[in-house]
Amino acid sequence: MAVLTKAKHKRNSKSDVVFICVMLSVPLLHLALFWVYINVDTVFLSFKQFDMNSGQWVWNGFRNYEHLWNEFRRTGSVLPRALVNSFSIFLWNDFVIVPISLFFAYVLYKKMPMGGVFKIVFFLPSIISAVVLTLVFSFMLDGSFGFIPNMLKKIGLERLVPFDGYLGDKGTAWWMVLLYGLWSGIGYNIVLVSGAMARIPQDVIEAGKLDGLTMWRELFSVTIPMIGSTIGTLLLLGTTVIFTYFLQPKLLLGSNAEIVGGYTIALYIVNNVREAGTAQMAMGATVGVLCALVGTPIAFGSRKLIDKFLPAYEY
């Protein structure tokens, strides 16, 4: 009997090992193929160039990095403006979108009438396809038939409408991209922050009221510190957009992105990899490697700074 029990236990142990190996093989394969291989290949690609005669990639040392530096210094290059735009997205997200989201989330948290309806209204842009959402936003601002330009013209403010439309004018195009980011992103932040506020123990809020805390004092002294980890996550995600923000300007501005000054670092990489041809893929890889070298310490440094000022509390 003991022998049978031991043999059965041994078979079960082997089955457990096989099951664990199979379950781990999928994420490990995904990690090896889509992260390790892709990133290592990108690093090597940044040191190569495409030989048109042989149709092969050949080693060329640091020439891609030299070419990138010369391109950055060239008059009329899109790279300086792309760098400025990328950092402006970070500032816009962390110092405009997140505070506005926090304010509206707190108002809804304080049991505002029809708060549930407003949550749905705010969150709707976040669940609609980005392609559809950018089309709707573009149609609203179109200089020919857009709702906003037509409304301004009807009330005698046609001078405020650029000749090429808001998305086609160099002075307003990037501001419209920022406005789109606020319009489409605020709802997602509100839902996350509202959920964090809903988990705050009511005993803490009631104790604060007994101590005479006003609504605003409660916000800054109780609510924000207790949801610091959620706010910190939003701020960290806002930092990473410096190197990842490309879809919105690409969809809103299209091929005019370079003309109207709507390039970002990520959009420059995407256009080099997908649209500029095989020979330019090395330049996209070069910019990507530099972004990784610069972005990694920025992300870790931001995480340390956020943890210092917005520590996570257990409750």
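Rules of the game
- Residues numbered from 1 in each chain as written.
- Predicted model: local features only at pLDDT ≥ 70, side-chain atom pairs only at ≥ 80, totals over all residues.
- Heavy atoms only, no water.
- Axes fitted to C-alpha atoms, helices over the stretch in contact; angles between N-to-C directions.
- Helix = DSSP H or I, 4+ residues; strand = E, 2+ residues; numbered from the N terminus.
- Parallel < 35°, antiparallel > 145°, perpendicular 65-115°, else oblique.
- Left-handed = near helix turned anticlockwise from the far one by under 90°.
- Contact = heavy atoms within 4.5 Å.
- Nonpolar A, V, L, I, M, F, W, Y, C, P; charged D, E, K, R; others polar.
- 1 Å grid on protein atoms, 1.4 Å probe; cavity = no way out; pocket = protein on both sides within 12 Å on 5 of 7 lines; lining within 4 Å.
- Points joined across faces, edges and corners; volume = space filled by probe spheres on them.
- Phe/Tyr/Trp six-rings, centres within 6.5 Å; stacked < 30°, edge-to-face > 60°.
- Core = buried A, V, L, I, M, F, W, Y, C linked by side-chain atoms within 4.5 Å.
- Buried < 20%, exposed > 50% of the residue type's maximum accessible area, 1.4 Å probe, protein only.

Participant: For this particular structure, what's the right way to read the packing of helix α10 (residues 228–240) against helix α13 (residues 281–309)?
Facilitator: The relative placement of two packed helices is expressed as an angle between their axes plus a distance between the axes. With their axes 10 Å apart at the nearest point, α10 and α13 run at an angle of 160 degrees to one another. Here α13 runs roughly antiparallel to α10, going by the angle between their axes. α10 and α13 meet at a crossing whose hand is right-handed. Across the interface between the two elements, Gly232, Leu235, Leu236 and Thr239 of α10 pack against Ile298, Ala299, Ser302, Arg303 and Ile306 of α13. Grouping the constituent residues of the contact of α10 with α13 by class yields 5 nonpolar, 3 polar and 1 charged.

Participant: Would you explain the layout of surface pockets in this entry?
Facilitator: It is the rolling of a water-molecule-sized probe over the atoms that shows where space remains empty. Estimates place the volume of the largest pocket at around 660 Å³. Lining the largest pocket are 27 residues; nearest its centre among them are Gly181, Ser184, Gly185, Tyr245 and Gln248. Every element with two or more residues in the lining of the largest pocket is listed here: α3 (79–109), α4 (115–127), α5 (130–141), α7 (173–198), α10 and α11 (247–253). Here the element with the most residues in the lining of the largest pocket is α7; it accounts for 6 residues.

Participant: Just checking my understanding: could you explain the packing of aromatic side chains for this structure?
Facilitator: For any two aromatic rings, the description comes down to two numbers: the centre-to-centre distance and the angle of the planes. For the structure shown, the criterion picks out 15 aromatic pairs. Taking 5.3 Å as the distance between ring centres and 70 degrees as the angle between the ring planes, the aromatic pair formed by phenylalanine 50 and tryptophan 57 counts as edge-to-face. Residues tryptophan 69 and phenylalanine 72 carry aromatic rings whose centres are separated by 6.2 Å and whose planes lie at 15 degrees to one another, so their mutual orientation is stacked. Of this pair, tryptophan 69 and phenylalanine 72 both sit in helix α2 (residues 63–73), 3 residues apart, which is roughly one turn of the helix. By way of ring pairs, the aromatic residues Phe103, Phe104, Tyr106, Tyr109 and Trp216 are connected into one cluster.

Participant: Which parts of the structure should I look at to understand the nonpolar core?
Facilitator: The tendency in soluble globular proteins is for nonpolar side chains to be buried as a group. Residues Leu253, Tyr263, Tyr268 and Val287 are the most contacted members of the largest nonpolar core, which totals 32 residues. Contributions of two or more residues to this core are made by α3, α5, α7, α11, α12 (265–274) and α13. Among all residues touching tyrosine 268, those that are not within four sequence positions of it are Leu68, Glu71, Val78, Leu79, Tyr263 and Val287. Counting 26 residues, the second-largest nonpolar core is a separate cluster that includes Leu108, Ile190, Met226 and Ile231.

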